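Each chain is listed here by its residues.
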Amino acid sequence: MKEVDLHMHSTHSDGTMSPRELVAYAEKKKLRAIAVSDHDTLSHIRGTLCAGEASSVEVIAAIEVSADFSPGTMHILGYFVDAENEELFEMLERFREGRAIRNPQIIEKLNNAGMAITYDEVLREAGGQSVGRPHIATVMVKKGFVRTTQDAFEQYLKKGALAYVDRLRFNSEEIIRVIHNAGGLAFLAHPKQLLIASVAELEALVEKLIAQGLDGIEVYSSSHNKRERKIYANIAEKYSLLVSGGSDFHGTHKNGIDMGFLGTGVKLSYDVVEKMKAALAKRSNS
Ligand code: AMP
Ligand code: ZN
Ligand code: FE
Ligand code: FE
């Protein structure tokens, strides 16, 4: 079977491999298609598509953006977006401005907690356009304040922790609309991270998102267990949503998760990509 991995990050946001390195790694892993879904930027798209053309791997232009939500986090994936779309570019630019305000505030809190870290060190660690908490976590590890990036999140950076600061987010309706206007499909990423307690509540949210135009749901993710996969697959079926899946590979910024790993024993076939393309073709005909 030809497998796919439709969620990962490059050096343009908080992954540690460049677009070229991701494509070469996917080729080595014999993946048929990958979607590189950097946070809040379009700067990775041209390079990943180019690298894909010169390889055996099909590359899908994608992004991942954070919507306003609690108790957990809501991430929306946009697949097949137009990298030249102005409205999308402007929305993502505002997200990046929000990061530029939030990141120094996190660093100040860490400084107050006795950790000598500078914004410059974090920017150097990031290198790309979209700077975030995984870069801060990596600097914390390199300077010996925590053992792993996971520890940095658990002790300091996760929602509600000592050095957590929220950043500008838009509502899901606006994000879905902009993704659609840029020619893309909007998917709810890793629903587990919403931290919704019951299936009924999750279904109510999915119904609301469908009314806003949601196209699909990331049923398979390295963060989902078997029971969760079953719940999300049932929801996809019940509401006729498209299905996707991905590793959320970040290189060494997220330890222990390799490209192509979508959960133990899970393999996702290229069929899901064909269904996405069929949905897009249907939309452009109607
Ligand atoms: P930011 O975009 O700067 O708010 O950082 C969000 C990113 O941090 C996510 O995309 C994840 O890659 C990572 N992240 C968020 N929460 C955790 C966590 N509890 N443990 C490890 N990584 C996390
Ligand atoms: Zn990330
Ligand atoms: Fe995410
Ligand atoms: Fe991600």
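Residues numbered from 1 in each chain as written. Chains lettered and ligands numbered in written order. Predicted model: local features only at pLDDT ≥ 70, side-chain atom pairs only at ≥ 80, totals over all residues. Heavy atoms only, no water.

Outline the site of ligand 1, supporting the account with residue identities and numerical values.
Taken together, Asp-14, His-39, Arg-99, Arg-102, Gly-132, Arg-133, Pro-134, Gln-150, Phe-153, Arg-167, His-250 and Lys-254 make up the full set of residues adjacent to ligand 1. A distance of 3.0 Å separates an oxygen atom of ligand 1 from a polar side-chain atom of His-39. Protein chains shield 85% of the accessible area of ligand 1, which is 500 Å² for the free molecule. Of all the cavities here, the one that holds ligand 1 is the largest pocket. At the level of elements, helix H3 (86–112), helix H5 (133–142) and helix H6 (149–157) are the ones that each hand at least two residues to the shell around ligand 1. When its residues are assigned to classes, the shell around ligand 1 shows two nonpolar, four polar and six charged. (Near = heavy atom within 4 Å. Polar contact = N/O pair within 3.5 Å; in protein donor to acceptor, adjacent residues only side chain to side chain. Areas by Shrake-Rupley, 256 points an atom, 1.4 Å probe, with all protein chains shown as cover. 1 Å grid on protein atoms, 1.4 Å probe; cavity = no way out; pocket = protein on both sides within 12 Å on 5 of 7 lines; lining within 4 Å. Sits in = over half its atoms within 2 Å of the grid points. Helix = DSSP H or I, 4+ residues; strand = E, 2+ residues; numbered from the N terminus. Nonpolar A, V, L, I, M, F, W, Y, C, P; charged D, E, K, R; others polar.)

Lay out the coordination of the iron ion (ligand 4) in plain terms, naming residues and giving numbers.
For the iron ion (ligand 4), the protein coordination sphere consists of His-7 (NE2), His-9 (NE2), Glu-64 (OE) and Asp-248 (OD), at 2.0 to 2.3 Å. Bound by four donor atoms, the iron ion (ligand 4) shows angles of 80 to 169 degrees at the metal and therefore irregular coordination geometry. Here the donor residues of the iron ion (ligand 4) are spaced in sequence according to H-x1-H-x54-E-x183-D. Taking relative accessible area as the criterion, Glu-64 reaches 1% and is therefore assigned buried. (Donors = N, O, S within 2.8 Å, 3.2 Å for Na, K, Ca; no water. Tetrahedral: all angles 85-135°; square planar, octahedral: opposite > 155°, others 65-115°. Buried < 20%, exposed > 50% of the residue type's maximum accessible area, 1.4 Å probe, protein only.)

Could you give an account of the pairing of strand S6 (residues 216–221), with specific residues and numbers?
Counting buried positions along S6 gives five out of six residues, so the element sits mostly inside the fold. Bridging between strand S5 (residues 185–188) and S6 involves two bridges; their strand directions are parallel. Each bridged residue has a counterpart across the sheet, and for Leu-188 the counterpart in S6 is Ile-217. Handedness of the S5-helix H8 (residues 199–211)-S6 crossover: right-handed. Summarising the sheet, S6 and strand S7 (residues 242–246) pair through five bridges and their orientation is parallel. Across the sheet, the residue bridging to Ser-221 is Gly-246, located in S7. Between the parallel elements S6 and S7, the chain passes through helix H9 (residues 226–238) in a crossover that is right-handed. (Pairing = 2+ DSSP bridges. Right-handed = clockwise from strand over helix to strand, strands pointing away.)

Explain the layout of surface pockets residue by residue, including any values.
In this model, the largest pocket occupies a volume close to 920 Å³. A per-element tally of the lining of the largest pocket places H6 first, with four residues. The residue inventory of the lining of the largest pocket, partitioned by class, reads six nonpolar, 17 polar and 13 charged. The computed volume of the second largest pocket comes to approximately 210 Å³. (Points joined across faces, edges and corners; volume = space filled by probe spheres on them.)

Provide a residue-level description of the packing of aromatic side chains, including the pertinent values.
Any aromatic ring pair is given by two values, namely how distant the centres are and how the planes are angled relative to each other. This structure, assessed with the given rule, holds three aromatic pairs. Centroid distance Tyr-79 to Phe-187: 4.9 Å. Interplanar angle 80 degrees. Geometry classified as edge-to-face. One end of the pair, Tyr-79, is in strand S4 (residues 74–79); the other, Phe-187, is in strand S5, and 108 residues separate them in sequence. Arranged with centres 4.8 Å apart and planes meeting at 55 degrees, the rings of Phe-95 and Phe-170 form a pair that is tilted. Note that Phe-95 is positioned in helix H3 and Phe-170 in the loop between H6 and helix H7 (172–181), a separation of 75 residues in sequence. With relative accessibility at 0%, the residue Phe-95 sits in the buried group. Arg-32 extends its terminal NZ or CZ atom over the ring of Tyr-270, reaching a point 3.7 Å from the ring centre. The ring centre of Phe-89 lies 5.6 Å from the NZ or CZ of Arg-96, which sits over that ring. (Phe/Tyr/Trp six-rings, centres within 6.5 Å; stacked < 30°, edge-to-face > 60°. Lys NZ or Arg CZ within 6 Å of the ring centre and 35° of its normal.)

Tell me about the coordination of the zinc ion (ligand 2), and please be specific about residues and values.
The coordination sphere of the zinc ion (ligand 2), as far as protein atoms go, consists of Asp-14 (OD), Asp-14 (OD), His-39 (NE2) and His-250 (NE2), spread over 2.0 to 2.5 Å. In terms of primary sequence, the donors binding the zinc ion (ligand 2) are separated according to D-x24-H-x210-H. A separation of 5.8 Å is found between the zinc ion (ligand 2) and the iron ion (ligand 3). Within this pair, whereas Asp-14 is found in the loop between strand S1 (4–5) and helix H1 (19–28), its partner His-250 is found in the loop between S7 and helix H10 (271–285), the two being separated by 236 residues in sequence. We classify Asp-14 as buried; its relative accessible area is 7%. Residue His-250 is classed as buried on the basis of its relative accessible area of 6%.

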